[in-house]
Amino acid sequence: MSKIYTTLLIFIFTLSASINSNAQDILTKILERGELRVGMSGDQPPFSMTANDGSMFGLDVDMANGLAENIGVKAKLVRMKFKDLIPALEKGEIDMVISGVTMTIERNKRVAFIGPYLISGNSVVTKSEEYAKAESLGDVDKAGVKITVMQGTTSEEFLNANIENATILRSPTNKTALKLISDGKADIMVAGYPTIAVALLEQQGEGLLTIEKPMDYEPIGIAVAPSDPLLLNLVSNYLNALRRSDILDLLKVKWFEEGSWILDAEAK
Ligand code: ARG
């Protein structure tokens, strides 16, 4: 074998070895570290919320803990702003994002999604009986109407694409957006209907109203880096198992219907 050919072969071998190790290193690293790092915002009831002691709880926390337990490692929940989650995943600072994330095509160009584990859709909170009858954004898109929304979410995109006459008030979190409604500084808040269902549950007697059914459809999924097929396959199989057993349904009843966790949360 000529020297140049040998060199080439070694080069190709090293190259493919490094591609391989890159492709599989996320799951390997999780196993070596003994820790699954899951990013979530901790401010989106009932997906993830933060207790006074700084610990997080919610549907996404239960899913992260269940997944880590099945892999045989500990879950390390990493709290960060919603808009920083996908960039942190791309930088390899976390292994996955479980944070009520809508699986959009735009996001799917950057990360891989497993799901949906829940179907959401844009809904409305308002104190106005008239706006609570809205079926689409067209019904509320009038000059002088103030609509509030959390920045960086699919709800903001929904407003950007459909609102021409009303004023959009962009808020850093769902909590601050909701406060504008309570304080009478905005007429309508738009957010995913799970968020709205919880707001109504928490603020009963405040005169908050919602619409009958969501205005669109949003599949919610788990985001992982696209480079590790084994991790992608593992999470997909885990989610399928949760769906086929009663566990996912039970978790949804616990976090979306029962509402008893709200009392626990207040006591924390
Ligand atoms: N599902 C929506 C989205 O993906 C809203 C998510 C808001 N999440 C949060 N943790 N506050 O944009």
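Figured I'd write up the structure that's included with this text. (Residues numbered from 1 in each chain as written. Predicted model: local features only at pLDDT ≥ 70, side-chain atom pairs only at ≥ 80, totals over all residues.)

**Concerning the overall build of the protein**
Stage number 1. On a plain count of helices and strands, the protein comes out with 10 helices and 13 strands.
Stage number 2. The burial tally for the protein puts 35% of its 268 residues in the buried class.
Stage number 3. For the protein, long-range pairs separated by at least 24 residues make up 70% of all intrachain contacts whose partners lie at least 6 apart in sequence. (Helix = DSSP H or I, 4+ residues; strand = E, 2+ residues; numbered from the N terminus. Buried ≥ 20, exposed ≤ 12 C-beta atoms within 10 Å, placed from the backbone. Contact = placed C-beta atoms within 7 Å.)

**Thoughts on the nonpolar core**
Stage number 1. Core analysis: the biggest nonpolar cluster contains 40 residues, and M96, A223 and V224 have the highest contact counts within it.
Stage number 2. Top contributing element to this core by residue count: helix α2 (residues 59-71), with 6 residues.
Stage number 3. Not counting the four nearest positions on each side in its chain, A223 is found in contact with I86, L89, M96, V97, V101, V111 and F113.
Stage number 4. Of all hydrophobic cores here, the second largest spans 23 residues; its members include V125, M150, M189 and V198. (Core = buried A, V, L, I, M, F, W, Y, C linked by C-beta atoms within 7 Å.)

**A few points about the site of the ligand**
Stage number 1. Around the ligand sit 13 residues in total, of which S41, Q44, T102, T153 and T154 are the nearest.
Stage number 2. For the shell around the ligand, the secondary structure elements donating two or more residues are β2 (43-44) and β6 (96-102).
Stage number 3. The element contributing the most residues to the shell around the ligand is β6, with 4 residues.
Stage number 4. When grouped by side-chain class, the residues that make up the shell around the ligand number 2 nonpolar, 9 polar and 2 charged.
Stage number 5. Domain assignment of the residues forming the shell around the ligand places at least three in each of domain 1 (3-120 + 219-267) and domain 2 (122-210). (Near = placed C-beta within 6 Å. Nonpolar A, V, L, I, M, F, W, Y, C, P; charged D, E, K, R; others polar. Domains from an automatic or database assignment.)

**Side note on the sheet that holds strand β13 (residues 218-224)**
Stage number 1. The 5 strands lie next to each other as β5-β1-β6-β13-β7, forming an open sheet whose pairing is mixed. Whereas interior strands pair on both sides, the edge strands pair on one side only; in this sheet they are β5 (74-79) and β7 (112-120). Going from strand to strand, the sheet's axes swing by 25° on average, the running direction of each strand aside.
Stage number 2. Relative to β6, strand β1 (residues 35-40) runs parallel, the two sharing 2 bridges. Bridge pairing in β6 places G39 opposite V97.
Stage number 3. Across the sheet, helix α8 (residues 229-244) touches β7 and β13, and the angle it forms with β7 is around 25°. (Pairing = 2+ DSSP bridges. Axes fitted to C-alpha atoms, helices over the stretch in contact; angles between N-to-C directions.)

**Section: helix α5 (residues 154-162)**
Stage number 1. Along α5, the residues that are buried comprise T154, S155, F158 and L159. All buried residues of α5 fall inside an arc of 145° around its axis, so they share one side. Opposite the packed face of α5, turned more than 90 degrees from it, sit the exposed residues N160 and A161. (Arc of directions from axis to C-beta.)

**Thoughts on the environment of T210**
Stage number 1. If you trace the backbone, T210 turns up in strand β12 (residues 209-210).
Stage number 2. Take T210: there are 18 C-beta atoms within 10 Å of it, and that puts it in the partly exposed class.
Stage number 3. When sequence neighbours within four positions are dropped, the list of residues in contact with T210 reads S123, V124, V125, A132, I196 and L200.

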